[in-house]
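Given next are the chains, with one letter for each unit.
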Amino acid sequence: MENQLAKSTEERTFQYQDSLPSLPVPSLEESLKKYLEAVKPFANKEEYKKTKEIVQKFQDGIGRKLHQKLLERAKGKRNWLEEWWLNCAYLDVRLPSQLNVNFAGPAPYIEHYWPPKEGTQLERGSINLWHNLNYWQLLRKEKVPVDKSENSPLDMNQFRMLFSTCRIPGITRDSVISYFRTESEGHSPTHIAVLCRGRVFVFDIIHEGCLITPPEIYRQLTYIHRKCHSEPDGPGIAALTSEERTQWAKAREYLISLDPENLTMLEKIQSSLLVYSIEDSSPHVTPEDYSQVTTMTLTGDPTVRWGDKSYNLISFSNGVFGCSCDHAPFDGMVMVNISHYINEKVFENEGRWKGSEKVRDISLPEELVFTVDDKILNDINQAKAQFLKQASDLQIVVYPFTSFGKNLTKKKLLHPDTFIQLALQLAYYRLYGRPGSCYETATTRCFYHGRTETMRSCTIEALRWCQSMQDPSTGLLERQQKMLQAFAKHNKMMKDFSAGKGFDRHLLGLLLIAKEEGLPVPELFTDPLFSKSGGGGNFVLSTSLIGYFKVQGVAVPMVHNGYGFFYHIRDDRFVVACSSWEASALKNDCERFRDSRAGHVSSTSLKCVADLCA
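This structure is a prediction, so every number in the text was calculated from the model and none was measured.

Asker: How do you make sense of the domain arrangement of the protein when you look at a structure like this?
Answerer: By a widely used convention, the size of an interface equals the accessible area lost when the partners come together. You can read the domains of the protein as domain 1 (28–78 + 402–612) and domain 2 (102–146 + 153–393). Taking only C-alpha atoms, the centre of domain 1 and the centre of domain 2 are 33 Å apart. Taken together, the contact pairs 25 residues of domain 1 with 29 residues of domain 2. Summed over both sides, the interface of domain 1 with domain 2 buries roughly 2,200 Å², with 52% coming from carbon and sulfur. Three residues stand out in domain 1 for area buried against domain 2, namely R445, R451 and V554, and they jointly supply 33% of the buried area on that side. Linking domain 1 with domain 2 are two salt bridges.

Have a look at this one:
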């Protein structure tokens, strides 16, 4: 990262935005052909025959007309999907977003200079915040290196949404507002918000034209911490952001009607660089078990999380850190980037501040005291109760598989991500005796404002391989051949889908065109095989590669009877987070996705793939 930053003087973070290609519309024939391939693992002969007829009818009839209208739409937009995706995937969703949409995760500092230790929360927090603020300055100056794929620049627009960005609840649809500006664009907010024991504080991070230092941040945090621990708790306004979206929108309108100053204070939180959450809890965490701390980053105290904020930096009492982020403005790779940067800085500086201990005469933090009444207090209590009830139903386990990692898989000329995806398919097949519809994230950032495409990992080749692994009569050579066929199919799909040749977002566009035109929903989307194969957000396995750095994250499953499966890859290990809902009777299965020492199914699946590579 340091070397990249040194080179970045020649490039500006956002300089390639205008030259990125527009997001293409795939051909209708190709998309429907790929769709038919994707449903095969989930259909018997009769079901497949019927679906094939439905697809052909769609292709020859209404599908062609919808496709033409989509092409017309694409002519006037550099990214025909962007607005639609933001709305239907995030802003139109009425579920409580803090738990159901946000992603969260722990910081990896515990593996070197910052193991859990009581009494370190504020000192470490001041250093952590300072590194975050330095990254903010790099972004303001456009010195964050441009992400690239094979020397081609990727879209960096999502990085604009990391700081000073917030979701605003609406009665039927939310909105996202960003106050961030680069230095060349003008003024950007320079304050952060701190939440502690139901109270809200703000303070400026620029003094006399430069960043305040860790000792100065420490003074501010100490003032807030002492005040909150020696006086009564605040009302916990932040808990309202964990409520169902329409309920929160109505509560927000009512809160503003009580006192115009309430709106001023809400806007201070919305525009803040980030929300710094001071937690009283001390979650257990070791390099071998990130389960409890990861769970706490997603399900912790709702009175010290602003669920709508793009970045909540969470500080636990034992000096452990994490984050919780609204998913609407950006995808996980933005948080991976800044988390890796800060981890490197903490490591380089041995977890210490090595500069001046001088503390200048800076203004103390300002407390934002909202005008509330019994109705608002009741709304807050209801919000906390619903959040904690749903959070108690969520189980998350996070363990490393340490028998091998990226080095061994690459030595065998196998892509490590595909390796994990196929092991996951085998694990699910062994648990349930059937294929698991699977979403894997493919990135489309090589296009203007590109975000993601659906990669359906459960291919017919993967299924045939899983069947061969469970068939005692199948020989080793045949298993190896089927495995390599599954690898090849997955790799080709990932390459194609990242190049704008996927089909799920295309089908979504056709469905939305039909809805906008007031047309009946085409039969393709009501066919049982559409949802059975994962269409319409019905994937039982919701998965994503977080990256190749020591950064882990998690989100809830896409469906109530499914799993969330999120992993990062290191040279010597795979670290995996698995989430499921207890009420769906998956609790015991979720626990089976543990490391090899426990002998559980996901790890044995990884070893099975490795054995075939030997």
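Next comes the rest of the account.
Asker: Help me understand the nonpolar core, please; the structure alone is not making it clear to me.
Answerer: Across soluble globular proteins, nonpolar side chains have a tendency to be buried as a group. F163 and Y311 are the most contacted members of the largest nonpolar core, which has 76 residues in total. A total of nine residues in this core trace back to one element, the largest contributor, which is helix α7 (residues 121–140). If we skip the residues at most four places from it in the chain, Y311 touches N132, L162, F163, L274, V275, C323, S324, C325, M335, I338 and I342.

Asker: Just to check I follow, could you spell out the UniProt feature "active site" (unreviewed entry) in the protein for this structure?
Answerer: Within this structure's numbering, the places UniProt gives as "active site" (unreviewed entry) are H327. Within the element layout of this structure, H327 appears in the loop between β12 (321–325) and α12 (332–348). Setting aside chain neighbours within four positions, we find H327 in contact with Y90, V101, N102, F103 and R451.

Asker: What's the story with the sheet that holds strand β1 (residues 103–106) in this structure? I'm lost.
Answerer: Strand pairing in a sheet relies on backbone hydrogen bonds. The paired strands run either parallel or antiparallel. The strand order across the open sheet built from seven strands is β1-β12-β11-β10-β6-β7-β13, with neighbouring strands paired in mixed fashion. This sheet does not close on itself; its edge strands, each paired only once, are β1 and β13 (366–367).

Asker: How do you make sense of the pattern of salt bridges when you look at a structure like this?
Answerer: Think of it this way: side chains of opposite charge can pair up when their charged atoms draw near. Taken as a whole and assessed by the stated rule, the structure comprises 37 salt bridges. Two residues, D174 and R167, come together in a salt bridge whose shortest N-O distance is 3.1 Å. The class for R167 is buried, based on a relative accessible area of 1%. In this structure, a network of salt bridges that share partners links the residues R94, R167, D174, R245, D308 and D326.

Asker: Help me out: how do you make sense of the pairing of strand β11 (residues 312–315) in this one?
Answerer: Residues in a regular strand point their side chains to alternate faces of the sheet. Residues of β11 alternate between two faces, with N312 and I314 on one and L313 and S315 on the opposite face, all of them buried. Two elements, strand β10 (residues 275–278) and β11, share four bridges in a ladder whose sense is parallel. Counterpart to S277 in the pairing with β11 is I314. Taken together, β10, helix α11 (residues 291–299) and β11 form a β-α-β motif whose crossover is right-handed. Here four bridges tie β11 to β12, and the two strands are oriented antiparallel to one another. Opposite L313, over in β12, you have C323 as the bridge partner.

Asker: How do you make sense of empty space enclosed by the protein when you look at a structure like this?
Answerer: Unfilled space is identified by rolling a water-sized probe across the atoms. Under the definition given, this model contains three cavities of 30 Å³ or more. Of the volumes computed, that of the second largest cavity is approximately 70 Å³. Surrounding the second largest cavity, L23, P24, P26, W80, L81, T444, T452, E453, G500, R505 and H506 form its lining. Looking at the lining of the second largest cavity, the elements that each hand over two or more residues are β16 (452–456) and α18 (504–516).

Asker: Mind showing me how you'd approach the sheet that holds strand β19 (residues 574–581) here?
Answerer: Taken in spatial order, the six strands make up an open sheet running β14-β19-β18-β17-β15-β16, and their pairing is mixed. What marks the edges here is a single partner per strand, and that holds for β14 (394–401) and β16. Neighbour-to-neighbour, the strand axes of this sheet turn through a mean angle of 25°, independent of strand direction. For strand β17 (residues 541–547) and strand β18 (residues 563–569), the ladder comprises six bridges, and the chain directions are parallel. For S544, the partnering residue across the bridge sits in β18 and is F566. Running at roughly 115° to β16, α18 makes contact with β15 (438–443) and β16 of the sheet.

Asker: Even after reading the chapter, I still don't get the environment of N318, so can you show me in this structure?
Answerer: By the secondary structure assignment, N318 is in the loop between β11 and β12. Its relative accessible area of 5% is what places N318 among the buried residues. Considered as a pair, N318 and H284 are 34 residues apart in the sequence and their alpha carbons are 9.1 Å apart. Among all residues touching N318, those that are not within four sequence positions of it are P115, P116, K117, E118, T120, R124, S281, S282 and P283. A polar contact of 3.0 Å, which involves the side chain of N318, links it to the backbone oxygen of P283.

Asker: I'm lost on unusual backbone geometry in this one. Help?
Answerer: Only a minority of non-glycine residues have a phi that is not negative, and only a minority of peptide bonds are not trans. Look at E150: it is not a glycine, yet its phi comes out positive at around 50°. By the element assignment, E150 lies in the loop between β2 (148–149) and β3 (152–153). With phi around 55°, E350 is a residue other than glycine that occupies positive phi space. Looking at where E350 falls in the secondary structure, it is placed in the loop between α12 and β13.

Asker: I keep staring at helix α8 (residues 214–230) and nothing clicks. Help me out?
Answerer: Across its 17 residues, α8 extends 24 Å between first and last C-alpha, which sits within 8% of the 24 Å expected from 1.5 Å per residue. Of the positions making up α8, those classed as buried are P214, P215, E216, I217, Q220, L221, T222, I224, H225 and C228. Where α8 is buried, its residues contact α7, β6 (191–196), β7 (199–204) and β10.

Asker: Is there a simple way to think about helix α10 (residues 260–271) in this case?
Answerer: Turn by turn, an α-helix covers 3.6 residues, leaving residues three or four places apart pointing in a common direction. Taking 1.5 Å as the rise per residue, α10 with twelve residues should run 16 Å; its terminal C-alpha atoms sit 17 Å apart, in good agreement. Contacts made by the buried residues of α10 are with β4 (165–168), β6, β7, α9 (245–258) and β10. Where α10 begins, one side-chain oxygen reaches toward the backbone nitrogen of E261, 2.9 Å away; that side chain belongs to D259.

Asker: How should I be thinking about the confidence of the model for the protein in this particular structure?
Answerer: Low pLDDT marks regions whose predicted coordinates should not be analysed in detail. This prediction gives the protein a mean pLDDT of 95; 95% of its residues lie at or above 70. Low pLDDT, under 50, characterises residues 593–599; the predicted model gives this stretch 23 contacts beyond four residues in sequence or across chains.

Asker: How should the layout of surface pockets be read in this particular structure?
Answerer: Taken as a whole, the second largest pocket spans an internal volume of roughly 310 Å³. At the level of elements, α5 (82–91) and β5 (175–178) are the ones that each hand at least two residues to the lining of the second largest pocket. Of all the elements, α5 adds the most residues to the lining of the second largest pocket, at four residues. Split by domain, the residues of the lining of the second largest pocket number at least three in each of domain 1 (28–78 + 402–612) and domain 2 (102–146 + 153–393).

Asker: Even after reading the chapter, I still don't get the packing of aromatic side chains, so can you show me in this structure?
Answerer: Each aromatic ring pair is characterised by the separation of its centres together with the angle its planes make. A full pass over the atoms with the stated rule returns 25 aromatic pairs. When the centroid spacing of 5.3 Å and the interplanar angle of 85° are considered together, the rings of F525 and F530 count as edge-to-face. Judged by relative accessible area, F525 falls into the buried class, the value being 11%. Given a relative accessible area of 10%, F530 falls into the buried group. In textbook terms, an aromatic cluster arises when at least three aromatic residues are bridged by ring pairs, as seen for Y35, F58, F497, F503, F525 and F530.

What counts, and at which threshold
- Residues numbered from 1 in each chain as written.
- Predicted model: local features only at pLDDT ≥ 70, side-chain atom pairs only at ≥ 80, totals over all residues.
- Heavy atoms only, no water.
- Domains from an automatic or database assignment.
- Contact = heavy atoms within 4.5 Å.
- Buried area = accessible area lost by both parts, 1.4 Å probe.
- Salt bridge = Lys/Arg side-chain N within 4 Å of Asp/Glu carboxyl O.
- Core = buried A, V, L, I, M, F, W, Y, C linked by side-chain atoms within 4.5 Å.
- Buried < 20%, exposed > 50% of the residue type's maximum accessible area, 1.4 Å probe, protein only.
- Helix = DSSP H or I, 4+ residues; strand = E, 2+ residues; numbered from the N terminus.
- UniProt positions renumbered as here; feature names shortened; annotations may be inferred.
- Pairing = 2+ DSSP bridges.
- Right-handed = clockwise from strand over helix to strand, strands pointing away.
- 1 Å grid on protein atoms, 1.4 Å probe; cavity = no way out; pocket = protein on both sides within 12 Å on 5 of 7 lines; lining within 4 Å.
- Points joined across faces, edges and corners; volume = space filled by probe spheres on them.
- Axes fitted to C-alpha atoms, helices over the stretch in contact; angles between N-to-C directions.
- Polar contact = N/O pair within 3.5 Å; in protein donor to acceptor, adjacent residues only side chain to side chain.
- Expected span 1.5 Å × (residues − 1).
- pLDDT = per-residue confidence, 0-100.
- Phe/Tyr/Trp six-rings, centres within 6.5 Å; stacked < 30°, edge-to-face > 60°.

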